[in-house]
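# Reading the structure
If you want the building blocks of each chain, they are given just below.
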Amino acid sequence: MPEEDLADLTPARARAMFRSAELCRPTSGLCTGYIQANLAFLPTGVADDFEAMCRLNDQPLPLIERLPAGQYSPRVSATDADLRTDLGGFMVYDGRSWTSVPDLLEHWRDDLVAFVIGCSFSAERALLEAGVHLRHVAAGGGVPIYRTTRDLEPAGGLRGRLVVSMRAIEDSQVDTAAAVTARYPMAHGGPVWTGPGQHIGCRDGRSPDWGVELPVTAEETPVYWACGVTPQTIIEDSGIAGAMVHRPGHMFITDIRDETVRDVDPADWRARHAC
């Protein structure tokens, strides 16, 4: 399907295509105008501590919705959706390593608590409308994702490190990109770092920990945004066997229009939706 057609898909249609395996690709550029989300599934024993980490670290972990234990059909972010199947893949952690799986149907447990977390892909329409060139969107691919050297604020027995996604932004558009994304705190807000990434443990588009390579040209600046892959570092560093997440770059596409979260603070969103 051409990229322009993918951009115009409704979220419900995209979710159905993922569910039937008709579509399996990174979601950057899909369903323009709708919020995309990261997913994390945690055992009930650590769910409250994970929610506390979201509150303490709301730039990388802007919480859209927490579901009751054992439930996989969201009530805030979408209707007629199944978080176990409606995206391009998942990762399951056994306490030592991750296994990539196409869906969670065979892995689902009643003790799992699903968390729906904001994603920087959600601000890309605003960036494009502001005239910011996004080379990865034009190429139909994902972005480089890195584990940084920055520690998160811990909660209970949980700890982890900040994860960031990088976009190669034309030098003349860096300030515009920062200003536009700052208006979307529910999509990680403005950049956490601009310029050479070695200062935070990143490699400027090369050899990413997740995602795809996107080497920066001489006319571009590497710009780093907080990323919803951050729960993976929490799960690894805290040793949470049996936890699960979405496959990096393969987001859950919600029914929430991006303009409805513009200038909305994560704390206000949580209060409004009882997260």
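Above this text you will find the structure in question.
Residues numbered from 1 in each chain as written. Predicted model: local features only at pLDDT ≥ 70, side-chain atom pairs only at ≥ 80, totals over all residues. Heavy atoms only, no water.

## A closer look at the overall build of the protein
- Check the secondary structure of the protein and you find eight helices and 12 strands.
- Against the 2.2 N^0.38 benchmark of 19 Å for 275 residues, the protein shows a C-alpha radius of gyration of 17 Å, consistent with a compact globule.
- In terms of overall dimensions, the protein has a C-alpha envelope of 50 × 40 × 35 Å along the principal axes.
- A total of 275 residues make up the protein; the buried ones form 56% of that total.
- Restricting to contacts in the protein with at least 6 residues of sequence separation, those with at least 24 account for 75%.
- With the model as given, the accessible surface of the protein reaches about 10700 Å², and the carbon-plus-sulfur share is 48%.
- Here the protein contributes 25 positively and 38 negatively charged side chains, and the mean placements of these two sets differ by 2 Å. (Helix = DSSP H or I, 4+ residues; strand = E, 2+ residues; numbered from the N terminus. Rg over C-alpha atoms; globule rule 2.2 N^0.38 Å. Buried < 20%, exposed > 50% of the residue type's maximum accessible area, 1.4 Å probe, protein only. Contact = heavy atoms within 4.5 Å. Areas by Shrake-Rupley, 256 points an atom, 1.4 Å probe, with all protein chains shown as cover. Lys, Arg positive; Asp, Glu negative; His and termini not counted. Charge placed at Lys NZ, Arg CZ, Asp CG, Glu CD.)

## Section: unusual backbone geometry
- You will see that H188, though not glycine, has its phi angle at about 80 degrees, which is positive.
- Structurally, H188 is set in the loop between α6 (174-182) and β8 (193-194).
- In this structure, D263 takes a positive phi of about 65 degrees despite not being glycine.
- Within the element layout of this structure, D263 appears in the loop between β12 (252-257) and α8 (266-273).

## Quick look at helix α7 (residues 230-238)
- Most of α7 sits inside the fold, with seven of its nine residues counted as buried.
- Within the sequence span of α7, burial applies to T230, P231, Q232, T233, I234, I235 and S238.
- Looking at the residues trailing α7, positive phi occurs at G239, about 65 degrees.

## Quick word on the nonpolar core
- In terms of nonpolar packing, the biggest core is built from 73 residues, with F41 and F50 touching the most fellow members.
- Residues within four places of F41 in sequence aside, it is in contact with L83, F90, L104, W108, L112, V113, A114, A243, M244 and V245. (Core = buried A, V, L, I, M, F, W, Y, C linked by side-chain atoms within 4.5 Å.)

## Details of the environment of L6
- Here L6 lies in helix α1 (residues 3-7).
- A relative accessible area of 3% means that L6 is categorised as buried.
- In this structure the C-alpha to C-alpha distance between L6 and T32, which are 26 residues apart in sequence, comes to 8.5 Å.

## Some words on the sheet that holds β8
- With respect to topology, five strands assemble into an open sheet ordered β8-β10-β7-β6-β9, the strand pairing being antiparallel. Pairing within the sheet leaves two strands with one partner each, and these edge strands are β8 and β9 (210-211).
- In this structure, β8 lies alongside strand β10 (residues 220-226), joined through two bridges in antiparallel fashion. When the sheet's bridge partners are listed, W193 is paired in β10 with Y224.
- Sheet contacts for α6: β7 (161-170), β8 and β10; angle to β10, the most-contacted strand, approximately 15 degrees.
- This element, α7, spans β6 (144-151), β7 and β9 of the sheet and lies at about 155 degrees to β7. (Pairing = 2+ DSSP bridges. Axes fitted to C-alpha atoms, helices over the stretch in contact; angles between N-to-C directions.)

## Some details on the pattern of salt bridges
- Scanning the model with the defined rule gives 20 salt bridges in all.
- Ionic pairing is found between D48 and R66, a salt bridge with its closest N-O pair at 2.9 Å. Taken together, the positions of D48 in helix α3 (residues 44-56) and R66 in strand β2 (residues 63-66) put the pair 18 residues apart, joining distant regions of the chain.
- A relative accessible area of 53% means that D48 is categorised as exposed.
- In this structure, the salt-bridge partner of E51 is R55, at a minimum N-O distance of 2.9 Å. Linking E51 with R55, this pair stays in helix α3, spanning four residues, or about one helical turn.
- Here E51 falls in the buried class, since its relative accessible area comes to 11%.
- A network of salt bridges, in which partner residues are shared, links R125, E129, R257, D258 and E259. (Salt bridge = Lys/Arg side-chain N within 4 Å of Asp/Glu carboxyl O.)

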